[in-house]
Amino acid sequence: MNRLRIQDKAWTTFANNRVQKNQSSVTKTLEKLSGGDKIVRAALNASGLSISETMRSQIKGLSRAQHNMQDGLSVLEVTDSGLQGVDTALHRSRELAIQAANDTLTEDDRNAAQKELNQLMESINDTADDLEFNTQRILGEIRPLFIQVGSNSGQKLAIDTVDVSTKALGLENVNLETRENADALIGKIDKALVRISKDLANVGSDYNSLSSHHENVGRAEESLQKSESLIRDPDMALEMMDLVKQNIVQKGDELLIQNTNRSVQAVLGLFK
């Protein structure tokens, strides 16, 4: 006796498995599209996730280092401005000293010159005492300021603060009471001007060095961002194409299941 077999179960199981597998692929694709990230879970690309996380740490560190260096550049700009002010005060003081080194001055002339000199020396000390950056004194003491210029330990650059007080410049308690005192003051001011000139040159050198580091770190961060983007950022056009393909396959499998069920029901109807 021949037996009639209805081969529906195998087709239905095959189609159901494909639907479940395709649904998983659709879910993963939608996660990438909605989150803008190819690696929404470590299981999708464990090694890529590890590499990209290391890159992200470096990128954030480089970004912070650029802010640090910008602060350092601001310190140097303030330092330069303060030194320029002291330099101007010293040149005016030198003019007064040259004027007072002449015996034709009256006592009133010397008193007037001394009054202005006192004001100039006071302005220099005010600059040394009061000029700060984020509460840090930068013209009243000599010490290094270390700037973190990279994302790793030990990547630092030192810029030096300076001391422009009248005591440090050798101009404490100077006076123009006599021609001899005025003549001696000219030499003292000349030495102070040489020191200020050296400080200005050092500030310029530090500024150029820090600016160069800033530019290099900016380029390094940009390069790392591009590399990290290749690992993490999905190709939206490609993912959309995959989604469309997956939807087509899913619709096909659903139709296969429906047709198989209808065929079975039709065959079974013959036996009623």
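As the structure is a prediction and not an experimental result, all values here were calculated from the model. (Residues numbered from 1 in each chain as written. Predicted model: local features only at pLDDT ≥ 70, side-chain atom pairs only at ≥ 80, totals over all residues. Heavy atoms only, no water.)

I would appreciate a short explanation of helix α3 (residues 107-130) in the present structure.
The end-to-end C-alpha distance of α3 is 34 Å, a good match for the 34 Å that 24 residues give at a rise of 1.5 Å each. Those residues of α3 lying buried are R110, A113, Q114, L117, L120, M121, I124 and A128. (Helix = DSSP H or I, 4+ residues; strand = E, 2+ residues; numbered from the N terminus. Expected span 1.5 Å × (residues − 1). Buried < 20%, exposed > 50% of the residue type's maximum accessible area, 1.4 Å probe, protein only.)

Hey, could you run me through empty space enclosed by the protein in this one?
The gaps of empty space that remain are located by a probe, the size of a water molecule, rolled over the atoms. Evaluation of the coordinates by the stated rule reveals one cavity of 30 Å³ or more. By volume, the largest cavity amounts to about 40 Å³. Surrounding the largest cavity, V75, L76, T79, I138, L145, I159, D160, T161 and V203 form its lining. Those elements that provide at least two residues to the lining of the largest cavity are α2 (46-100) and β4 (156-160). Here the lining of the largest cavity gets three residues from one element, more than from any other, and that element is α2. Across the lining of the largest cavity, the residue classes tally to six nonpolar, two polar and one charged. (1 Å grid on protein atoms, 1.4 Å probe; cavity = no way out; pocket = protein on both sides within 12 Å on 5 of 7 lines; lining within 4 Å. Points joined across faces, edges and corners; volume = space filled by probe spheres on them. Nonpolar A, V, L, I, M, F, W, Y, C, P; charged D, E, K, R; others polar.)

Is there a simple way to think about the layout of surface pockets in this case?
In this model, the largest pocket occupies a volume close to 190 Å³. In this structure, the largest pocket is lined by N68, D71, G72, V75, F133, N134, Q136, L145, F146, I147 and Q148. Elements with a minimum of two residues in the lining of the largest pocket: α2 and β3 (144-148). Across the lining of the largest pocket, the residue classes break down as five nonpolar, five polar and one charged.

I'm lost on the nonpolar core in this one. Help?
Taken as a class, soluble globular proteins show a tendency for nonpolar side chains to be buried jointly. Grouped together as the largest cluster of nonpolar side chains are 43 residues, with contacts concentrated most on L83, L90, V164, L171, L176, L185 and I196. Sorting the residues of this core by element identifies α2, α3, β3 and α4 (179-232) as the ones contributing at least two each. The dominant element in this core, judged by the number of residues it contributes, is α2, at 13 residues. Once residues within four sequence positions are removed from consideration, I196 is found in contact with L83, V86, D87, L90, V164 and L169. (Core = buried A, V, L, I, M, F, W, Y, C linked by side-chain atoms within 4.5 Å. Contact = heavy atoms within 4.5 Å.)

Help me out: how do you make sense of the environment of L76 in this one?
Assignment of secondary structure puts L76 in helix α2. Residue class for L76 comes out buried when judged on its relative accessible area of 3%. Residues L76 and L200, 124 residues apart in the sequence, show an inter-C-alpha distance of 9.8 Å. The residues contacting L76, other than those within four sequence positions of it, are I159, V203, D206, Y207 and L210.

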